[in-house]
Amino acid sequence: MLSSVFTVPVLRLIALANFGFAMAQEPAPLPKPPQHIVLIYADDLGYGDVACYGAAAVATPNLDRLAAGGLCCTDAHSAAATCTPSRYALLTGEYAFRQKGTGVLPGDARLIVTPGRTTLASVLQGAGYRTAVVGKWHLGLGTGGLDWNGKIAPGPLEVGFDECLLLPATGDRVPCVYVADHTVRGLDPADPIQVSYRERLGAEPTGAEQPERLRMRWAFGHDQTIVNGISRIGYMTGGRSARWVDEDMADCFTERAVQFLRQHRRERTFLFFSTHDIHVPRVPHPRFVGKTDLGPRGDAIVQFDACVGRLLDELEELELTADTLVILTSDNGPVVNDGYRDAAEERLGAHRPAGPWRGGKYSAFEGGTRVPFVVRWPGRVPVGSSAALVGQVDLLHSLAKLVGVALPESAAPDSLDQLGALLGADTVGRDHLVEQAGSLALRVGQWKFVLAGQGARFDAATKIELGNAPEDQLYDLAADPGETKDLAKAEPERTAAMRARLLALRAAGRSR
Ligand code: NG6
Ligand code: CA
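Remember, predicted model here, so these are calculated numbers, not experimental data.

Rules behind the numbers
- Residues numbered from 1 in each chain as written.
- Chains lettered and ligands numbered in written order.
- Predicted model: local features only at pLDDT ≥ 70, side-chain atom pairs only at ≥ 80, totals over all residues.
- Heavy atoms only, no water.
- Pairing = 2+ DSSP bridges.
- Helix = DSSP H or I, 4+ residues; strand = E, 2+ residues; numbered from the N terminus.
- Axes fitted to C-alpha atoms, helices over the stretch in contact; angles between N-to-C directions.
- Donors = N, O, S within 2.8 Å, 3.2 Å for Na, K, Ca; no water.
- Tetrahedral: all angles 85-135°; square planar, octahedral: opposite > 155°, others 65-115°.
- Near = heavy atom within 4 Å.
- Polar contact = N/O pair within 3.5 Å; in protein donor to acceptor, adjacent residues only side chain to side chain.
- Areas by Shrake-Rupley, 256 points an atom, 1.4 Å probe, with all protein chains shown as cover.
- Nonpolar A, V, L, I, M, F, W, Y, C, P; charged D, E, K, R; others polar.
- Buried < 20%, exposed > 50% of the residue type's maximum accessible area, 1.4 Å probe, protein only.
- 1 Å grid on protein atoms, 1.4 Å probe; cavity = no way out; pocket = protein on both sides within 12 Å on 5 of 7 lines; lining within 4 Å.
- Points joined across faces, edges and corners; volume = space filled by probe spheres on them.
- Core = buried A, V, L, I, M, F, W, Y, C linked by side-chain atoms within 4.5 Å.
- Contact = heavy atoms within 4.5 Å.

A. Here's a closer look at the sheet that holds strand 15 (residues 433-436). Taken together, the 4 strands give an open sheet; going across it, the order is 15-16-17-20, and neighbouring strands pair in antiparallel fashion. Strands with a single pairing partner mark the edges of an open sheet, and in this sheet they are strand 15 and strand 20 (473-476). Taken pair by pair, the neighbouring strands of this sheet meet at an average axis angle of 20°, ignoring direction. Where strand 17 (residues 447-450) lies against strand 20, 4 bridges are found, and the strand directions are antiparallel.

What follows is the structure, given as structure tokens:
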């Protein structure tokens, strides 16, 4: 297919050559870099959870406002179907399946991004952008055996960020405190924090032993230390003055993000706004409770939408909208019941969090990684939708290109320059993409190959179809977007070719 082999600039050169222009050697001019880049990264937000992708059960006026002024990509993917590997790939430009220890991390894990390596943040920092991460991190902190009462390093500030306010791991994992730059925020040295994922600490009650103390009960997992009336994964004690209040978390991050934009409005900035919403535990602020018929999961979407609205309003007020590239996406597909009894299943009704796609979070089917992806840059990115195959792993290389940074050969091994697709000029995007869940999958155009693997086909707890099978699978997404008809037996040659290509990509250690 011509269009998948040649990028848009190449096609443009061919067109110019056909008209006999002598200057056909000149590359297409790059737009002047935006003054601000805001990457809004939702947690577990599904393709079908957003109105511009078809959701009807939740009103998301601010997401709609963003979408109405930008480009909605309909075939955009997180690198993996869970958080840590997706974020690893987003920041390093390397598929996480290449490195051991990049699965969903416990809250006491060491930093898995090696300080000094090229990251999305370090590239932008090097190009003169003031960089911040506000919100969920989940890539580990320290070098192992971290003392949460001392200097917390290495972390974001050692891999390209100038400042940070973090949810260290997940909302459902200890420690339930914020980390600001190198310290736990609001910590009283007289009440030190201890964290363990192996043994119970102090006299802290647990959800397993004292469920009557809980205001939201666990369904599976999540039965260890109780913080703010909710039991978590892992044990912690101490740090009482520093513990977060779940209801205030979204506001806390949004205010910090707004402060960052205000403070650095005249500089170049890169803001990685990485929300806790809509991950479990879903405990939105009281002003959002009951805003949907879907229970806390729906209300958390409304809260997320409001936070996005607050940021967009601030950009308007600071008169930065025109010169700000905003990208909004999610770290993996949706899950309905992820371990707390928050009525998400009971109240789901006709709402389909993954939209038309099969599976969801954790799944090798499209629902695992096909996520909302909206790009807004007024006057630079067309308004509308794009079916280009887009991967979050390419943001590093593409934004490097945009800000005029040439990547060293060895950096970001799986990150391709897809700036054309990002900015809406290239309507094809990648010619292939790896999707990581329990099994690895490969997309080539409309074709989807899932490598045979050991994992279960179905997860009884989350009720998600994981996409694993003992044999290879092949789907034609053009004819069968819901991945219902496995064509591996009917198309043995295509299946073998895609298997070979995926194995070669894995063995090569890099995509570029
Ligand atoms: C799982 C948790 C789930 C969630 C997930 C990570 C249990 C039973 N399930 O292990 O609730 O925390 O890890 O989600 O503990 S992610 O979005 O950060 O990848
Ligand atoms: Ca997630």
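B. Quick peek at the coordination of the calcium ion (ligand 2). Protein coordination at the calcium ion (ligand 2): the donors are Asp43 (OD), Asp44 (OD), Asp331 (OD), Asp331 (OD) and Asn332 (OD1), at 2.1 to 2.7 Å from the metal. Coordination at the calcium ion (ligand 2) comes from 6 donor atoms whose angles at the metal span 51 to 175°, giving a geometry best classed as irregular. All donors of the calcium ion (ligand 2) belong to a single chain; written as a sequence motif, their spacing is D-D-x286-D-N.

C. The site of ligand 1, seen in detail. Taken together, 19 residues form the shell around ligand 1, and within it Cys83, Asp172, Arg173, Asp338 and Lys361 come nearest. Between ligand 1 and aspartate 44, the relevant distance is 3.2 Å, taken from an oxygen atom to a side-chain nitrogen or oxygen of the residue. Surface burial for ligand 1 is 84%, taken as the share of its 450 Å² of free accessible area covered by protein chains. Broken down by class, the residue content of the shell around ligand 1 amounts to 6 nonpolar, 6 polar and 7 charged.

D. Expanded view of unusual backbone geometry. Put simply, aspartate 277 and isoleucine 278 share a cis peptide bond, and its omega is 10°. A cis amide bond links valine 280 with the next residue in sequence, proline 281, at an omega value of -5°. When you line up the elements, proline 281 lands in the loop between strand 11 (268-274) and helix 7 (296-317). Although it is not a glycine, tyrosine 362 sits at a positive phi angle of roughly 80°. Relative to the assigned elements, tyrosine 362 resides in the loop between strand 12 (324-330) and strand 13 (373-376). For tyrosine 362, a relative accessible area of 26% gives the class partly exposed. Although it is not a glycine, alanine 412 adopts a positive phi angle of roughly 40°. Mapped onto the secondary structure, alanine 412 falls in the loop between helix 8 (395-402) and helix 9 (419-422). The class of alanine 412 is buried, set by a relative accessible area of 1%.

E. Quick peek at the pairing of strand 1 (residues 36-42). Of all 7 residues in strand 1, 7 are buried, a share of seventy percent or more. In terms of strand pairing, strand 1 meets strand 12 through 7 bridges, oriented parallel. In the strand pairing of strand 12, isoleucine 37 is matched with leucine 325. With 6 bridges connecting them, strand 1 and strand 11 associate as parallel partners. Note that in strand 11 the partner of isoleucine 40 across the bridge is phenylalanine 273.

F. Structural view of empty space enclosed by the protein. In this structure the tally under the stated criterion is 4 cavities of 30 Å³ or more. Leu389, Val390, Gly391, Asp394, Leu395, Ser398, Gln418, Ala421 and Leu422 together form the lining of the largest cavity. For the lining of the largest cavity, the secondary-structure elements that each account for two or more residues are strand 14 (384-391), helix 8 and helix 9. In terms of residue count, strand 14 provides more of the lining of the largest cavity than any other element does, 3 residues in total. Of the residues contributing to the lining of the largest cavity, the split by class is 5 nonpolar, 3 polar and 1 charged.

G. Representation of the nonpolar core in the model. If you look at the biggest cluster of nonpolar residues, it comprises 111 residues, and the most contacted ones within it are Trp137, Leu271 and Phe373. Sort the elements by how many residues they give to this core and helix 7 lands first, with 9 residues. In this structure tryptophan 137 touches Arg87, Leu91, Leu111, Gly155, Pro156, Val159, Phe161, Leu166, Leu167 and Pro168, once residues within four positions along its chain are discounted. Counting 19 residues, the second-largest nonpolar core is a separate cluster that includes Ala79, Tyr95, Leu433 and Leu487.

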